[in-house]
Amino acid sequence: MRSLNLIGGSISAWCYNEVLGHIPSRTLRRIFLGWYLGSLGNNTNVQMHCRFLHGRNVHLGNRVVVNFGTLLDGRRHEITIGSNVSIGPKATVLTLGHDPASADFSDKGGAVVIKDHAWLAYGSIVLPGTTIGEGAIVAAGTVVSKDVEPYNIMAGNPARCIGQRPNDLHYELDYRPFLI
């Protein structure tokens, strides 16, 4: 049974990543993602050219914006994204990698949690087993390998705190550009 689930999951991922994710119809993509992902919140927008690995482990809250070219890797561990989260173009969220100390190249990973009102900017990378706190910002090109405290603004590789964001955030995202 496990092999049938693996084959079905692989076919589903291929269908979205190589076909449906390239079609300029938000409605069609949303219908498929509602079935394919672990959960898909209200008014969440996934733009074209995003990729999902093992979508059943990916949970998107309400009013999440996932910009073009983003990779959400739900292999083996879950990605849980809160509400009003903005994920910039070509961001990457990983849950699985390899243990560099392993003699046999064994896997190493962990769940990723991104809390409400967080913002991952262009090309940012979130590594396995991390939590991005509420309202935190991960600047463009930043690599996050450790938990980020709420409302911290992180930049660099490795990520380091460069400032604080106000903690009275109350906006609701509603970004649905035409055709993408």
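Scroll up for the structure.
Residues numbered from 1 in each chain as written. Predicted model: local features only at pLDDT ≥ 70, side-chain atom pairs only at ≥ 80, totals over all residues. Heavy atoms only, no water.

Where do I start with unusual backbone geometry in this structure?
Working note: non-glycine residues mostly have negative phi, and peptide bonds are mostly trans. Here the bond from Asn-157 into Pro-158 is cis, since omega is 5°, no more than 30 degrees from zero. Tracing the backbone shows Pro-158 in the loop between strand 18 (152-155) and strand 19 (160-164). Here Asn-84, not a glycine, exhibits a phi torsion of approximately 55°, which is positive. Position of Asn-84 relative to the elements: it lies in the loop between strand 7 (79-81) and strand 8 (86-87). Under the relative-accessibility criterion, Asn-84 is labelled buried at 4%. Its identity is not glycine, yet Tyr-151 carries a phi of approximately 65°, on the positive side. (Helix = DSSP H or I, 4+ residues; strand = E, 2+ residues; numbered from the N terminus. Buried < 20%, exposed > 50% of the residue type's maximum accessible area, 1.4 Å probe, protein only.)

Just checking my understanding: could you explain the environment of Lys-146 for this structure?
For Lys-146, the location among the structural elements is in the loop between strand 17 (143-144) and strand 18. With 99 residues separating them in the primary sequence, Lys-146 and Gln-47 have C-alpha atoms 28 Å apart.

Got a minute to help me understand the sheet that holds strand 14 (residues 125-126) in this structure?
Two pairing modes exist for strands in a sheet, parallel and antiparallel, and in both the strands are linked by backbone hydrogen bonds. If you trace the 5 strands from one edge of the open sheet to the other, you get 3-6-9-14-17, paired in parallel fashion. At either end of the open sheet lies a strand with only one pairing partner, and these are strand 3 (51-53) and strand 17. The pairing of strand 9 (residues 92-93) with strand 14 spans 2 bridges and is classified as parallel. What sits directly across from Thr-92, in strand 14, is Ile-125. (Pairing = 2+ DSSP bridges.)

Which parts of the structure should I look at to understand the sheet that holds strand 15 (residues 131-132)?
Pairing is parallel in the open sheet, where 5 strands are placed in the order 1-4-7-12-15. The sheet terminates laterally at strand 1 (39-40) and strand 15, the two strands that pair on one side only. Both strand 4 (residues 58-60) and strand 7 contribute to a ladder of 3 bridges, which runs parallel. When the bridges of strand 7 are listed, His-59 appears paired with Thr-80.

What should I look at first to understand the nonpolar core in this one?
A general tendency of soluble globular proteins is for nonpolar side chains to be buried together. Counting residues in hydrophobic clusters, the biggest one holds 33 residues, and the most contacted among them are Phe-52, Leu-60, Ile-81, Ile-114 and Ile-132. Secondary structure elements with two or more residues in this core: helix 1 (2-19), helix 2 (26-36), strand 4, strand 7 and strand 12 (112-114). Element by element, the count of residues in this core is highest for helix 2, at 3 residues. Filtering out sequence-adjacent residues up to four positions away, Ile-132 remains in contact with Val-113, Ile-114, Lys-115, Ala-118, Leu-120, Val-126, Val-138, Val-144 and Val-148. (Core = buried A, V, L, I, M, F, W, Y, C linked by side-chain atoms within 4.5 Å. Contact = heavy atoms within 4.5 Å.)

I keep staring at the packing of aromatic side chains and nothing clicks. Help me out?
Applying the stated criterion across every chain yields a total of 4 aromatic pairs. Ring geometry for Tyr-16 and Phe-52: centres 5.6 Å apart, planes at 70°, overall edge-to-face. One end of the pair, Tyr-16, is in helix 1; the other, Phe-52, is in strand 3, and 36 residues separate them in sequence. Each member of the pair, Tyr-16 as well as Phe-52, is classed as buried. Each member of the aromatic cluster is reached from another via a ring pair, and the members are Tyr-16, Phe-32, Trp-35, Tyr-36 and Phe-52. (Phe/Tyr/Trp six-rings, centres within 6.5 Å; stacked < 30°, edge-to-face > 60°.)

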